[in-house]
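Examination of the molecular architecture
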Amino acid sequence: MLTFIAQMAMAMWLHCSQPQLMRVTCYLPTGYNTASGQPTHIGGCAGRRQDIGKYAYVYDVNMNFVGKFEINDCGGHPMLRNGTAIDIFRDNRDQAQNWVSTYGDYMYVFIKEE
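I will try to describe carefully the structure that is included in this document. Please read these numbers as outputs of a predicted model, since none were measured by experiment. (Residues numbered from 1 in each chain as written. Predicted model: local features only at pLDDT ≥ 70, side-chain atom pairs only at ≥ 80, totals over all residues. Heavy atoms only, no water.)

In this structure Asn 92 caps helix 3 (residues 93-103), since a side-chain oxygen of it lies 3.1 Å from the backbone nitrogen of Asp 94. Among the residues trailing helix 3, Gly 104 stands out with phi positive, at a value near 80 degrees. (Polar contact = N/O pair within 3.5 Å; in protein donor to acceptor, adjacent residues only side chain to side chain. Helix = DSSP H or I, 4+ residues; strand = E, 2+ residues; numbered from the N terminus.)

This is how it looks when you write it as structure tokens:
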């Protein structure tokens, strides 16, 4: 079993960015395409406009890998605009509530170009 520091070092080496503890929220279908022009879809997320086209590698607070999400949207909330939060797309309210009950509000996020 890897220690937290070893997990953090491995994640930084794999993803070549500094981890950030971010607020990770969920958003639901709006009926509109994302800022990138794509329809919303599972595996997509909203973040800073300048990060559209990059990927968010998301880990829980114990540095367990949760998933890779394409940043294909942006939002109006100040935390999304300043890079201190991302918003994960979920198909419905039950999926969003399950995410929050499973992972909480804060997670480690690495932003990386593919």
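Turning our eyes to something else, we now look at the side chain of Arg 90. Structurally, the position occupied by Arg 90 is in the loop between strand 5 (85-89) and helix 3. Those residues in contact with Arg 90 that sit more than four places away from it in its chain are Cys 26, Tyr 27, Leu 28, Pro 29, Ile 42, Phe 69, Gln 95, Ala 96 and Trp 99. (Contact = heavy atoms within 4.5 Å.)

Moving on: the pairing of strand 4 (residues 65-74). Counting buried positions along strand 4 gives seven out of ten residues, so the element sits mostly inside the fold. Where strand 2 (residues 44-47) meets strand 4, four bridges bridge the pair, whose relative direction is parallel. Paired with Gly 44 across the strands is Glu 70, a residue of strand 4. One ladder, built from five bridges, connects strand 3 (residues 55-59) with strand 4; its direction is antiparallel. Following the sheet pairing, Tyr 57 is matched in strand 4 by Lys 68. The antiparallel pairing of strand 3 with strand 4 creates a hairpin that spans five residues between the two strands, and Met 63 there sits at a positive phi of about 65 degrees. (Buried < 20%, exposed > 50% of the residue type's maximum accessible area, 1.4 Å probe, protein only. Pairing = 2+ DSSP bridges.)

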